Amino acid sequence: MTHERIVFPMPASCEVVFDVFHYHQWRARWDSLVSHTEVDGGAPCPSVGAVSASTGGGPLRALSMRTEFISYQRPRLAAARMVGTSFPFSKWAASMKHESAPGGGSLLIYTYNIEAGPRVLRWLIEPVVHLVFRRQTVKRFARMHAFLCAHAGEVEAWQRGYHANGGTDAR
């Protein structure tokens, strides 16, 4: 099993970064790793116990995964684990912790565990799977950073209306 923690400085508050990742209307505009995500039941974002179905994007378009959220504490922490298996993963789990950064912006702390399968080939494919996953993760959050540089104000305006008018994090 591979475990890694990567810290990404972000040019927006924890609230903005959290919502840009978890509300699918925003994520669809920047996420290079996922071409489509949907929460079972149609909620606009996940919640604890919610299951999401995601289809890969770009060169990983053939990859699809179902995840269950085990933590969802807006705007500080979200964590999910894979439901079932999805080649090349036999296990996958990740968390995103958000902290305010000194001088403005925030830090997105992404921690993941992956195990490649099938077990008999793990020694061979897991290093490759980890390398590709890490590279795509760095690319993904660089795109998020660029999106936030250009659109954080738009997200903040949406938040003022959505959350002030009783918008919730789940249906």
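In the nomenclature of an unreviewed UniProt entry, the chain corresponds to Polyketide cyclase from the organism Massilia genomosp. 1.

Visitor: Whenever I open this one, the overall build of the chain confuses me. Can you help?
Guide: A count of helical and extended segments in the chain gives three helices and seven strands. Each helix and strand of the chain, ordered N terminal to C terminal, gives the series β-α-α-β-β-β-β-β-β-α. For the chain, the C-alpha radius of gyration of 16 Å lies close to 16 Å, the compact-globule estimate for 171 residues. Viewed in the frame of its principal axes, the chain has a C-alpha envelope of about 50 × 35 × 25 Å. Evaluated residue by residue, the chain yields a buried proportion of 47% over its 171 residues. Considering only residue pairs separated by 6 or more positions, the chain has 53% of its internal contacts joining residues 24 or more positions apart.

Visitor: Explain the packing of helix α1 (residues 14-22) against helix α3 (residues 122-164) to me, please; I cannot follow it from the model alone.
Guide: Helix packing geometry: the angle between the two helix axes and the distance between the axes. One can describe the packing of α1 onto α3 by two numbers: an axis separation of 8 Å at closest approach and a directional angle of 105 degrees. Classified by the interaxial angle, the pair formed by α1 and α3 is roughly perpendicular. The segment α1 lies against α3, with E15, V16, V17, D19, V20 and F21 engaging R140, F141, M144, F147, L148, A152, V155, E156, W158, Q159 and H163. The residue inventory of the contact of α1 with α3, partitioned by class, reads 11 nonpolar, two polar and four charged.

Visitor: Explain a nonpolar patch on the surface here, please?
Guide: A surface patch of nonpolar side chains, about 460 Å² in accessible area, is lined by V120, L121, W123 and L124. Here V120 is to be found in the loop between β7 (106-116) and α3. The exposed category is assigned to V120, whose relative accessible area is 65%.

Visitor: I'm lost on the state of the cysteines in this one. Help?
Guide: Such a bond, covalent and formed between the sulfur atoms of two cysteines, is termed a disulfide. Counted by the stated rule, this structure contains zero disulfides. Free of any disulfide, C14 has its nearest neighbouring cysteine sulfur in C149, separated by 16 Å. Left unpaired, C45 is separated from the closest cysteine sulfur, that of C14, by 17 Å. For C45, a relative accessible area of 1% corresponds to the buried category.

Visitor: How do you make sense of the environment of M144 when you look at a structure like this?
Guide: Its location among the elements puts M144 in helix α3. When the C-alpha atoms of M144 and R122 are compared, they prove to be 31 Å apart, with 22 residues separating the residues in sequence. In this structure, M144 is in contact with M10, V17, V20, F21, W30 and L108, ignoring residues within four places of it in sequence.

Visitor: So what exactly am I meant to see when it comes to the pairing of strand β6 (residues 89-100) here?
Guide: Note on strand geometry: in a regular strand, side chains alternate between the two faces of the sheet. Of the pairings in the sheet, the one linking strand β5 (residues 77-82) to β6 comprises five bridges and is antiparallel in character. Bridge pairing links A79 to S95 in β6. Hairpin connection from β5 to β6: six residues lie between these consecutive antiparallel strands, with G84 at a positive phi of about 75 degrees. Between β6 and β7, which follow one another and run antiparallel, lie five residues, and G103 among them has a positive phi close to 85 degrees.

Calculation notes
Residues numbered from 1 in each chain as written. Predicted model: local features only at pLDDT ≥ 70, side-chain atom pairs only at ≥ 80, totals over all residues. Heavy atoms only, no water. Helix = DSSP H or I, 4+ residues; strand = E, 2+ residues; numbered from the N terminus. Rg over C-alpha atoms; globule rule 2.2 N^0.38 Å. Buried < 20%, exposed > 50% of the residue type's maximum accessible area, 1.4 Å probe, protein only. Contact = heavy atoms within 4.5 Å. Axes fitted to C-alpha atoms, helices over the stretch in contact; angles between N-to-C directions. Parallel < 35°, antiparallel > 145°, perpendicular 65-115°, else oblique. Nonpolar A, V, L, I, M, F, W, Y, C, P; charged D, E, K, R; others polar. Patch = residues over 30% accessible without salt bridge, like charges linked within 9 Å, V, L, I, M, F, W, Y side chains within 5 Å. Areas by Shrake-Rupley, 256 points an atom, 1.4 Å probe, with all protein chains shown as cover. Salt bridge = Lys/Arg side-chain N within 4 Å of Asp/Glu carboxyl O. Disulfide = S-S within 2.5 Å. Pairing = 2+ DSSP bridges.

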